[in-house]
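Observations on the three-dimensional arrangement
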Amino acid sequence: MLQLNSNNENSRLRVVVLGSAISNGPTPKIEEAYDPKSLEHIMAGTYPLESDMVLEMEAFNLVLNKYGVTVFRPKLIANYNQIFVRDIGFVIGDIFIKSNILPDRERELDAIQYIIDQIDTKKIVRPPEKAHIEGGDVMLWNDYIFIGTYKGSDYADYITARTNAEGVQYIKDLFPNKIVKEFDLVKSKIEARDNALHLDCCFQPVGKNKGIIYKRGFREEADYRFLVNLFGKENLFHITRKEMYNMNSNVFSIDTNVVVSEKKFNRLNNWLRSHGFVVEEIPYAEISKQEGLLRCSTLPLIRE
């Protein structure tokens, strides 16, 4: 049995699910795009090729292997995108929470059922149907659970709005001993540079007291201020609109001092190194064209 344990984003990783780009399917049609960045690349003819994405994910897999992490992969679904496993489930403490995702992505959960079968059934939950929540919006920081949401009255009209008030309340009820802090995120259906698809598109903690943040990803200045006060401004790396678009906040921590990052994130990677981090640089720019990056491709099950 897998004894789940995850209480933050950055303690030593032991077991993780890594998505797969094999048999990713054809380039989606315009009307099939889930997010504005994919739409942009579909229309421009620059949507990523499966062969490139498979190479990028293998580079990620090799880094995880280097650090002795046990890596599970989803079972293959032919002609189907299975890269972003963060969306379909997440672990808080020793509980596995199945996400209520977009209905046509339900098969992605089936593809990791063989892993879920290794978890104590008493430790697996699924929110009620009205509670929408995806793993990219859920960020653990010791006593805190940070959750990205969208509070606009037009929530239902936004395919980019993935976590609702009912989802936040569900987590509050499930973990009464945690401090649950929600963040109202900026959403756009048409401009990827102004769309925080999930919380990890505009914020992520790294190390013991540092973080990467994009101020304009938050609809309320107070939410941004909350993080500045909690971490200290000097401990936060502020990314630009273009860096947010390139997913600079969507790196992935293997340990408190080890971060996997995209090799082109020069400014961020230099900052991380200057603060004592080991930065494992890999190519991941093709995958980023689908508005997801390293954190989105992982589902941590056990951290120390």
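This write-up is about the structure you can find in this document.

Next up on the list: the pattern of salt bridges. Enumeration according to the criterion identifies 19 salt bridges in this entry. In this structure, K66 engages E280 in a salt bridge whose closest nitrogen and oxygen atoms are separated by 2.7 Å. Taken together, the residues K66 in helix α2 (residues 50-66) and E280 in strand β14 (residues 278-282) connect sequence positions 214 residues apart. When its relative accessible area of 57% is taken as the criterion, K66 is described as exposed. The salt bridge partner of R273 is E281, with a shortest N-O separation of 2.8 Å. Residue classification places R273 among the partly exposed positions, given a relative accessible area of 39%. Look at E281 and you get partly exposed, because its relative accessible area is 34%. By sharing partners, the salt bridges in this structure join E9, D200 and R295 into a single network.

What follows is about the nonpolar core. Core analysis: the largest hydrophobic core is formed by 58 residues, its most contacted members being F60, L64, F146, L199, F203, F218 and I254. Residue contributions to this core peak at 6 residues, all from α2. When neighbours within four sequence positions are excluded, F203 is seen to be in contact with M139, F146, I212, I213, F218, L227, F231, L236 and S249. By size, the runner-up hydrophobic cluster in this structure holds 18 residues, among which are V85, I88, V91 and I119.

Calculation criteria
- Residues numbered from 1 in each chain as written.
- Predicted model: local features only at pLDDT ≥ 70, side-chain atom pairs only at ≥ 80, totals over all residues.
- Heavy atoms only, no water.
- Salt bridge = Lys/Arg side-chain N within 4 Å of Asp/Glu carboxyl O.
- Helix = DSSP H or I, 4+ residues; strand = E, 2+ residues; numbered from the N terminus.
- Buried < 20%, exposed > 50% of the residue type's maximum accessible area, 1.4 Å probe, protein only.
- Core = buried A, V, L, I, M, F, W, Y, C linked by side-chain atoms within 4.5 Å.
- Contact = heavy atoms within 4.5 Å.

Bear in mind that shape data such as this cannot, by itself, settle questions of function.
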